[in-house]
Amino acid sequence: MEVSIVHEGGFCFGVLRAIELAQEATGEHEKVYCLGPLIHNRQVVAELTQAGLEVVEDLGEVPDGAVMMVRAHGAGPEIYAQAHARGIEVIDATCPFVARVHKKAGQFAEMGYQVLVLGEVDHPEPRAIVQYARGQATIVEGPEDLRGVALDANVAVVSQTTQRLDNLQALVAALLPRVEELIVANTICEATTTRQEASLAMAQAVDLMIVVGGYHSANTRRLAQICRGPGTPTYHIEMAQEIEPQWLVATEAVGVTAGASTPPEAITAVAERLQELAENPEGCLHPHKERTDGH
Ligand code: SF4
């Protein structure tokens, strides 16, 4: 059995930068608060917690004068204003590509355009983007959500950085006949696009895909969805131990890809476990388990 790894998978620039900032901060301060989990990877967050990073859900939980990190997803301007007023030192790990979306959303709102943010309604990144568009923007998850939106004549679209390009294209196509003017900023980050394209190419070439990353990680879930696109059986796992030998029955080629918050060790562990099972296929001789969806 051949095991191939998507080299574009795993930590992206923004996540790596956030982890490095957190390591630096916990090295300098006894306690550093983080507004929400720094990244969507429980193992990495647990290590940082041991080093002194405390995850809080709300700014109200951060004491006055403390040190607080804003994660790569970013935060709305009111968070910075409130932190400043309370003497909280902010270590800003907002990814520069996310900050670019904030800027674009703000500019379009200033210009008087109705701003639509393509992204997940419950995800912190689009929710913060809305705040930069004077809190007036609307989050839509795809063209189907336009049914519930009263559109102005002039509309501007920005995207969550980890969206799929085909979803953005579909939204634009649905908007065009319904508005007078449309501005589109393709704010999907390059790391996302190259990872998605490389993962799709691999999914088309193998019998089975393993996608490694946190179950709460939106970009990992999307990656699994993309890999299933060509009909390739795909499992989304967090750790190597989750791989079951029967997944590999009659499998000659396995592809491994990973979300933006997956550490390299987790990817290596998955590749090693697959190699082990390939060399010792004992457990693979069981009847084939149905495998349409990992989780
Ligand atoms: S996925 Fe892109 S935008 Fe998001 S943190 Fe990584 S590099 Fe930044």
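Residues numbered from 1 in each chain as written. Predicted model: local features only at pLDDT ≥ 70, side-chain atom pairs only at ≥ 80, totals over all residues.

Novice: Any chance you could explain helix H8 (residues 218-228) here in plain terms?
Specialist: Quick reminder: α-helices carry 3.6 residues per turn. Residues three or four places apart thus point the same way. Counting buried residues along H8, nine of its eleven residues qualify, which places the element largely inside the surrounding structure. Ala218, Asn219, Thr220, Arg221, Arg222, Leu223, Ala224, Ile226 and Cys227 are the residues of H8 that are buried. Looking at the buried positions of H8, the neighbouring elements they touch are helix H7 (190-205), strand S10 (208-212), strand S11 (234-237) and strand S12 (253-258). (Buried ≥ 20, exposed ≤ 12 C-beta atoms within 10 Å, placed from the backbone. Helix = DSSP H or I, 4+ residues; strand = E, 2+ residues; numbered from the N terminus. Contact = placed C-beta atoms within 7 Å.)

Novice: Where do I start with unusual backbone geometry in this structure?
Specialist: Keep in mind that most residues, glycine aside, have a negative phi and that most peptide bonds are trans. Located in the positive-phi region is arginine 134, a residue other than glycine, with phi close to 55°. Tracing the chain through its elements places arginine 134 in the loop between helix H5 (124-132) and strand S7 (138-140).

Novice: Mind showing me how you'd approach the sheet that holds strand S3 (residues 53-56) here?
Specialist: Pairing between the strands of a sheet comes from backbone hydrogen bonds, and it takes one of two forms, parallel or antiparallel. Read from one edge to the other, the open sheet built from four strands follows the order S3-S2-S4-S5, with strand pairing classed as parallel. Of all strands in the sheet, those bounded by a partner on one side alone are S3 and strand S5 (89-92). Strand-to-strand twist of the sheet, defined as the mean angle between neighbouring strand axes without regard to direction, takes the value 30°. Direction of pairing for strand S4 (residues 67-70) relative to S5: parallel, over a ladder of four bridges. Residue pairing for S5: methionine 69 is matched across the bridge by isoleucine 91. (Pairing = 2+ DSSP bridges. Axes fitted to C-alpha atoms, helices over the stretch in contact; angles between N-to-C directions.)

Novice: For this particular structure, what's the right way to read the site of the ligand?
Specialist: Taken together, 14 residues form the shell around the ligand, and within it Cys12, Gly14, Cys95, Thr161 and Cys189 come nearest. Only helix H1 (13-28), helix H4 (96-110) and H7 provide two or more residues apiece to the shell around the ligand. Of the residues forming the shell around the ligand, the biggest block, three residues, is contributed by H1. (Near = placed C-beta within 6 Å.)

Novice: Any chance you could explain the packing of H4 against H5 here in plain terms?
Specialist: In helix packing, the relevant descriptors are the interaxial angle and the interaxial distance, both defined with respect to the helix axes. Following both chains from N to C, one finds H4 and H5 inclined at 35°, their axes separated by 8 Å at the closest point. Handedness of the crossing formed by H4 with H5: right-handed. Contacts between H4 and H5 pair Val98, Val101, His102, Ala105 and Gly106 from the former with Glu125, Ile129 and Tyr132 from the latter. For the contact of H4 with H5, the class distribution of residues is five nonpolar, two polar and one charged. (Left-handed = near helix turned anticlockwise from the far one by under 90°. Nonpolar A, V, L, I, M, F, W, Y, C, P; charged D, E, K, R; others polar.)

Novice: What should I look at first to understand the confidence of the model for the protein chain in this one?
Specialist: One rule of thumb: low pLDDT means the predicted coordinates there are not for detailed reading. With 95% of its residues at a pLDDT of at least 70, the protein chain reaches an overall mean of 92. The low-confidence segment residues 285-295 (pLDDT under 50) makes 14 contacts with residues lying over four places distant or belonging to another chain. (pLDDT = per-residue confidence, 0-100.)

Novice: Explain the nonpolar core to me, please; I cannot follow it from the model alone.
Specialist: Side chains of a nonpolar character, in soluble globular proteins, are inclined to be buried together. Ranked by internal contacts, the top residues of the largest apolar core, which has 53 residues, are Leu38, Met69, Ala105, Val115 and Ile129. Shared between two domains, this core takes at least three residues from each, and those domains are domain 2 (13-94) and domain 3 (97-188). When residues no more than four places from it in sequence are discounted, the contact partners of methionine 69 are Leu21, Ala22, Ala25, Val32, Cys34, Leu38, Ile91 and Ala93. (Core = buried A, V, L, I, M, F, W, Y, C linked by C-beta atoms within 7 Å. Domains from an automatic or database assignment.)

Novice: What exactly am I supposed to notice about the domain arrangement of the protein chain here?
Specialist: Often, the extent of an interface is quoted as the loss of accessible area upon association of its parts. Domain assignment breaks the protein chain into domain 1 (2-10 + 191-285), domain 2 (13-94) and domain 3 (97-188). For domain 1 versus domain 2, the distance between C-alpha centres works out to 30 Å. In this complex, domain 1 contributes eight residues to the contact, which on the side of domain 2 involves seven residues. When the residues that make up the side of domain 1 that touches domain 2 are grouped by side-chain class, the tally is three nonpolar, five polar and no charged.

Novice: Is there a simple way to explain the pairing of strand S9 (residues 181-184) in this structure?
Specialist: Of the pairings in the sheet, the one linking strand S8 (residues 154-159) to S9 comprises four bridges and is parallel in character. Within S9, the position partnered with valine 155 by the bridge is leucine 182. Tracing the backbone out of S8, into helix H6 (residues 165-175) and back to the parallel element S9 gives a crossover that is right-handed. (Right-handed = clockwise from strand over helix to strand, strands pointing away.)

Novice: I would appreciate a short explanation of the sheet that holds strand S1 (residues 2-5) in the present structure.
Specialist: Spatial strand order, S1-S12-S10-S11: four strands in an open sheet with parallel pairing. Each edge of the open sheet carries a strand with a single partner, namely S1 and S11. Here the strands of the sheet are splayed against their neighbours by 20° on average, with no regard to which way each runs. Pairing analysis gives four bridges linking S1 to S12, with the strands arranged parallel. When the sheet's bridge partners are listed, serine 4 is paired in S12 with glycine 255.

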